[in-house]
Amino acid sequence: MKRIYWIVLLLTSQLAVKAQDSLITDIGARKTTSLNGKWQYIVDPYETGFYDYRYKELNEKNPDAFWNTDVQKDRTEKKEHGYIDKYSIEVPGDWNHQKPEFTYYEGTIWYKKSFDCQPVQGNRYFIYFGAVNYRADVYLNGKKLGMHKGGFTPFNFEIPAGLLKEKGNFLVVKVDNKRYSDEVPTLNTDWWNYGGITRNVCLVELPQSFIQDFVLQLKRPLAGKAPGASPDAYGWVKINNPQAGETITVEIPELKLKKQFTSTGQTTALNLKLSKLQLWSTETPKLYKVIVSTKNNRVEDQIGFRTIEALGKQVLLNGKPVFMRGISIHGEIPQEVRRAYSQADAMQLLTQARNLGCNMVRLAHYPHDEAITRLADSLGVLVWSEIPVYWTINFGSSEVLNKAKAQLAEMIYRDHNRASIIIWSVGNETPISQTRTNFMHSLITEAKRLDNTRMVSAALEVNYASGKNLNLIDDPLGEFVDLVAFNEYLGWYGGTPDMCRKTNWGTPYNKPLFISETGAGAKGGFHADSLTRFSEEYQEWYYKEQVAMLKRMPDNFVGISPWVLADFRSPKRNNPIYQEGWNRKGVYDDKGNKKKAFYILQAYYEQMKQLHDHPKRK
Ligand code: GCU
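The structure displayed is predicted, hence computed values, not measured ones.

Thresholds, definitions, all that
- Residues numbered from 1 in each chain as written.
- Predicted model: local features only at pLDDT ≥ 70, side-chain atom pairs only at ≥ 80, totals over all residues.
- Heavy atoms only, no water.
- Pairing = 2+ DSSP bridges.
- Helix = DSSP H or I, 4+ residues; strand = E, 2+ residues; numbered from the N terminus.
- Axes fitted to C-alpha atoms, helices over the stretch in contact; angles between N-to-C directions.
- Near = heavy atom within 4 Å.
- Polar contact = N/O pair within 3.5 Å; in protein donor to acceptor, adjacent residues only side chain to side chain.
- Areas by Shrake-Rupley, 256 points an atom, 1.4 Å probe, with all protein chains shown as cover.
- Nonpolar A, V, L, I, M, F, W, Y, C, P; charged D, E, K, R; others polar.
- Salt bridge = Lys/Arg side-chain N within 4 Å of Asp/Glu carboxyl O.
- Buried < 20%, exposed > 50% of the residue type's maximum accessible area, 1.4 Å probe, protein only.

A. Main features of the sheet that holds strand E1 (residues 31–34). Across the sheet, which stays open at both edges, the four strands sit in the order E1-E10-E5-E8 with antiparallel pairing between neighbours. Both outer strands of the open sheet, E1 and strand E8 (155–159), are each paired with one neighbouring strand and no more. On average, adjacent strands in this sheet sit at an angle of 25° to one another, irrespective of strand direction. Pairing of strand E5 (residues 124–129) with E8 involves five bridges; the strand directions are antiparallel.

B. The site of the ligand, seen in detail. The local shell around the ligand holds 14 residues, among which Asp 190, His 365, Glu 429, Tyr 493 and Glu 517 are the closest. Take Tyr 489: an N or O atom from its side chain is 3.3 Å from an oxygen atom of the ligand. Contact between the ligand and Trp 563: an oxygen atom at 3.1 Å from a side-chain N or O atom of the residue. When isolated, the ligand has an accessible area of 320 Å², and the protein chains bury 97% of it. Among the residues forming the shell around the ligand, the class breakdown is five nonpolar, four polar and five charged.

C. Local environment of the pattern of salt bridges. According to the stated counting rule, one finds 45 salt bridges in the structure shown. One salt bridge in this structure joins Lys 174 and Glu 47, with 2.6 Å as the shortest N-O distance. One end of the pair, Lys 174, is in strand E9 (residues 169–176); the other, Glu 47, is in the loop between strand E2 (37–43) and strand E3 (88–91), with 127 residues separating them in the sequence. Of the two residues, Lys 174 and Glu 47, neither departs from the other in class, the shared state being buried. As a salt-bridge pair, Glu 77 and Lys 73 come within 3.6 Å of each other at their nearest N and O atoms. With relative accessibility at 15%, the residue Glu 77 sits in the buried group. Taken together, the shared-partner salt bridges in this structure form one network comprising Asp 26, Asp 301, Glu 370, Arg 374, Asp 377 and Arg 418.

Shown next, in the form of structure tokens:
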């Protein structure tokens with residue numbers, strides 16, 4: 001009996017396709033029915049709808065399970081759960097900002113949506129989620145479709161044939177945002193643990209065999225050469241349920257390009273010569289319609305073609321050195337105290353960054369919604385995209401590494417056609433140890449395996465004890481990243497801003513050097529002398545000293561993304577006068593007002609733009 005058990009376990013584990021491998025990308029180009037809007041909910045902190053009183057997971061058919069119907073068979077039947085409009089919540093959107101009792105809630109909330117549809121015989125149907133924080137258990141008409149962990153990346157589950165009904169489909173999602181030490185992120189973060197179905201949800205209809213994903217990018221140039229007027233583009237098409245030998249057509253109408261490939265199975269390699277190409281850049285963010293089609297399916301995307309690489313002391317965009325005038329951004333709309341998820345939210349955040357003079361944003365500390373990376377493509381803003389391997393992750397666990405790899409894959413699959421994204425970051429401020437360096441190196445290797453056209457980085461640790469007034473970034477992980485990035489808070493965490501005057505920075509790695517965070521707190525509208533913490537004047541002084549120090553950076557200094565665009569919510573920030581649950585390091589306050597420091601950074605970026613975009617002028 002035991003032997004059979006192990007064989008079954010082995011088979012199911014091998015058969016169990018990892019969620020990220022079944023991800024359907026470019027969802028906006030698919031035939032979808034939105035499931036956004038009002039959902040009914042049940043708050044379930046004791047997970048009564050999932051476990052019995054002996055804390056055993058309820059059998060799928062158990063009428064007490066919250067994924068099964070809440071309608072009594074007859075008036076004698078016991079029902080201790082139910083979904084009614086009185087308890088409704090908006091999707092997409094975190095629950096914290098929707099009900100005062102949910103502000104700090106960490107636990108399970110059951111979401112339920114009933115919908116009708118006209119299933120077409122022979123087509124396949126999926127439920128797609130832009131993101132759910134943190135764990136989602138998804139059920140349809142009493143059947144479990146799947147479970148996903150990871151609060152900031154998309155996933156989808158196929159609906160078994162025959163399960164969809166024309167009327168009253170009963171879709172239930174158990175969302176649990178509790179924090180755990182062996183999850184990604186772990187227990188301790190400096191941001192609000194917004195829970196819920198935080199991004200779009202839709203029903204996707206596809207033929208039996210369909211284009212699940214495709215990527216088409218310019219390969220990195222060799223040793224810094226510009227891509228040239230007729231560069232080669234490479235990539236692949238992934239077909240779900242491929243038909244042997246079928247023809248795959250790739251078209252770029254504006255380039256009068258149409259090329260056919262014969263399917264070689266699930267994944268077919270692509271290579272095309274793009275003549276008369278206008279490269280994507282921050283000045284000219286040119287996008288092309290790319291159409292990929294087979295006999296039964298067609299997908300199109302808007303793709304910008306550019307190259308990016310770290311070479312010696314420089315970062316080269318299309319073979320030309322680029323200086324990144326960045327800002328770090330959380331995925332939050334502070335004036336409404338909620339997660340960002342929409343086109344309008346993306347426009348607000350990127351407009352604020354561009355008002356500052358930025359040509360780059362660091363989307364911290366997790367993959368942001370697809371609207372902002374697509375908008376960055378259109379506006380010509382460079383992007384650093386990151387998975388939440390943050391602080392004290394359980395680096396010794398192979399399971400945790402697999403969870404991080406799953407989120408890394410979902411981030412890369414979703415956005416590998418986004419020209420704006422130039423950096424995949426595998427983490428932030430992870431404490432140095434051999435176990436951690438092995439874990440992070442494994443993530444860097446995986447990122448490069450999934451996408452060798454972009455730089456890979458992470459916010460590294462600083463060696464402050466390296467020598468007289470010289471702070472070194474000699475983190476062992478620096479050996480494996482393309483861009484050596486680090487966070488420093490000279491004059492905020494320890495000392496006062498005048499410390500910048502005698503501080504120098506360096507790295508033993510012959511690679512570009514980037515400051516991924518620096519910043520000080522200020523409560524918007526609080527004014528005092530510049531020595532008074534949390535005054536706008538202190539923050540202004542901080543930036544003045546930092547900017548003066550930046551002018552003495554070594555020649556491999558390629559940019560900075562100060563911390564942070566706007567004040568954001570954090571349960572760790574408890575000064576009852578100046579913070580009240582807000583991290584106040586924004587150069588905008590939580591109402592969208594510019595603080596005095598904004599203008600110091602803006603002036604520095606104007607100088608850098610003149611210096612780097614018009615190098616002749618001195
Ligand atoms: C750290 C961390 C941020 C945090 C910031 C701060 O560097 O990366 O997530 O918010 O410092 O202390 O404000």
